[in-house]
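# Notes for the structure review
For reference, the chains in residue letters:
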Amino acid sequence: MSTQTQEPTQVIALLKDILLRRGNESYLGEAVTMSEHMLQSAWIAERAGESPSVIVAALLHDVGHYTSEFDEDYLDIGVDNLHEVAGEKILKFWFPPEVCEVVRWHVDAKRYLCAVEPDYFSGLSEASVQSLALQGGPMSKEEVKAFEQNPWLDTIVRVRRYDDGGKVPGRRTPEMKYYLSMVESVLEQYQRGA
Ligand SMILES: [Fe+2]
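Let me begin by describing the structure that accompanies this report. Keep in mind that this is a model prediction, so the values were computed, not measured. Each chain has its residues counted from 1, following the order in which its sequence is written. The predicted nature of this model means local features are confined to residues of pLDDT at least 70 and side-chain atom pairs, given and counted, to a pLDDT of 80 or more, with totals for whole chains, interfaces and linings taken over all residues. Side-chain calculation: all heavy atoms of the structure are included, whereas hydrogens and water are not.

### A few points about the packing of aromatic side chains
Any pair of Phe, Tyr and Trp rings, taking the six-membered ring for Trp, is counted once the centres come within 6.5 Å. Such a pair is stacked with planes under 30 degrees apart, edge-to-face with planes over 60 apart, and tilted for the rest. Summed over the entire model, instances satisfying the criterion amount to three aromatic pairs. Ring centres 5.1 Å apart and planes at 45° place the aromatic pair Y112 and F147 in the tilted group. Taken as a pair, Y112 in helix α6 (residues 97-116) and F147 in helix α8 (residues 141-147) lie far apart in primary sequence, 35 residues in all. When the ring of Y178 is compared with that of Y179, the centres are 4.8 Å apart and the planes differ by 70°; the resulting orientation is edge-to-face. Taken together, the ring pairs in this structure connect W105, Y112 and F147 into an aromatic cluster. Note that R104 overlies the ring of W105, its terminal NZ or CZ placed 4.0 Å from the centroid. Every helix listed is a DSSP run of H or I at least four residues long, and every strand listed is a run of E at least two residues long, numbered separately from the N terminus. By definition, being over a ring means that NZ of Lys or CZ of Arg is both within 6 Å of the ring centre and within 35 degrees of the ring normal.

### Observations regarding the layout of surface pockets
In this analysis, the protein atoms alone were mapped onto a 1 Å grid. Cavities are point sets where a 1.4 Å probe fits without being able to get out; pockets are open sets with protein on both sides within 12 Å along at least five of seven lines; lining residues have an atom within 4 Å of a point. Grid points are joined across faces, edges and corners, and a volume is the space filled by probe spheres set on the points. Taken as a whole, the largest pocket encloses approximately 270 Å³ of empty space. Surrounding the largest pocket, 18 residues form its lining, Y27, L28, H83, S131 and Q135 being those nearest its centre. Amino acids are sorted into nonpolar (Ala, Val, Leu, Ile, Met, Phe, Trp, Tyr, Cys and Pro), charged (Asp, Glu, Lys and Arg) and polar (every other residue, Gly among them). Of the residues assigned to the lining of the largest pocket, the class counts are five nonpolar, seven polar and six charged.

### Some remarks on the coordination of the iron ion
In this description, a donor is an N, O or S atom within 2.8 Å of the metal centre, a cutoff extended to 3.2 Å for sodium, potassium and calcium. Water is not part of the atom list, which can make sites seem incomplete. Bound to the iron ion are the protein donor atoms Y27 (OH), H37 (NE2), H61 (NE2), D62 (OD) and D163 (OD), situated 2.2 to 2.5 Å from the metal. Positions of the donor residues of the iron ion along the chain correspond to the pattern Y-x9-H-x23-H-D-x100-D. Judged by relative accessible area, which is 1%, D62 ranks as buried. Burial classes follow relative accessibility: with a 1.4 Å probe on protein chains only, a residue under 20% of its type's maximum area counts as buried, one over 50% as exposed, and anything between as partly exposed.

### Description of the pattern of salt bridges
Opposite charge on two side chains permits them to pair, given that their charged atoms come into close proximity. Any Lys or Arg side-chain nitrogen found within 4 Å of a carboxyl oxygen on Asp or Glu counts as a salt bridge. By the definition in use, this model includes 10 salt bridges. K16 is the partner of E184 in a salt bridge, and the nearest nitrogen-oxygen pair spans 3.7 Å. Taken together, the positions of E184 in helix α10 (residues 176-192) and K16 in helix α1 (residues 8-22) put the pair 168 residues apart, joining distant regions of the chain. The residue R161 makes a salt bridge to E117 at a minimum N-O spacing of 2.5 Å. Linking R161 in helix α9 (residues 153-165) with E117 in the loop between α6 and α7 (126-134), this pair joins segments that are 44 residues apart in sequence. Overall, R161 belongs to the partly exposed group, its relative accessible area being 37%. Overlapping salt bridges bring together D108, R111 and E143 as one network.

This is the structure:
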């Protein structure tokens, strides 16, 4: 069955299954697991007073790391394997633009902040510094200009900071189930056109 024609409840079930089953995997050289990182990012967003959509974006920003879990019609497998591009492709059928744009641009937001904020780089984790080099390093002036045209720029940058902050070993957060119900209501509201 084509994943694009799945019912919302099936999409929720798929996301739940992935996050609960694979959350204990390590988060790319960081001292936290994938689910700890996702939960901490969402928790920081929530405490900052963000809307449910932005909290969900913070929770799901790295979902593209689980590309093997999704059907090919989501991903055009073989075209690229960048996790932010894959993540947006997975989510764009189901979630509002503020979720998809954050997911799509969270890597470039790091490159952007490195270019425009002198102190930002020194706050990055070691793993994040390493991946920065692979991701193209700080943006050029032209890239900064183009990036600032995105109408979701502020949201993208805010969530990038939640992402950077969500890497503290042992920090307590609400459980995944709590945020999964938020994922469900954001999806359902968007599908209803609310
Ligand atoms: Fe992340």
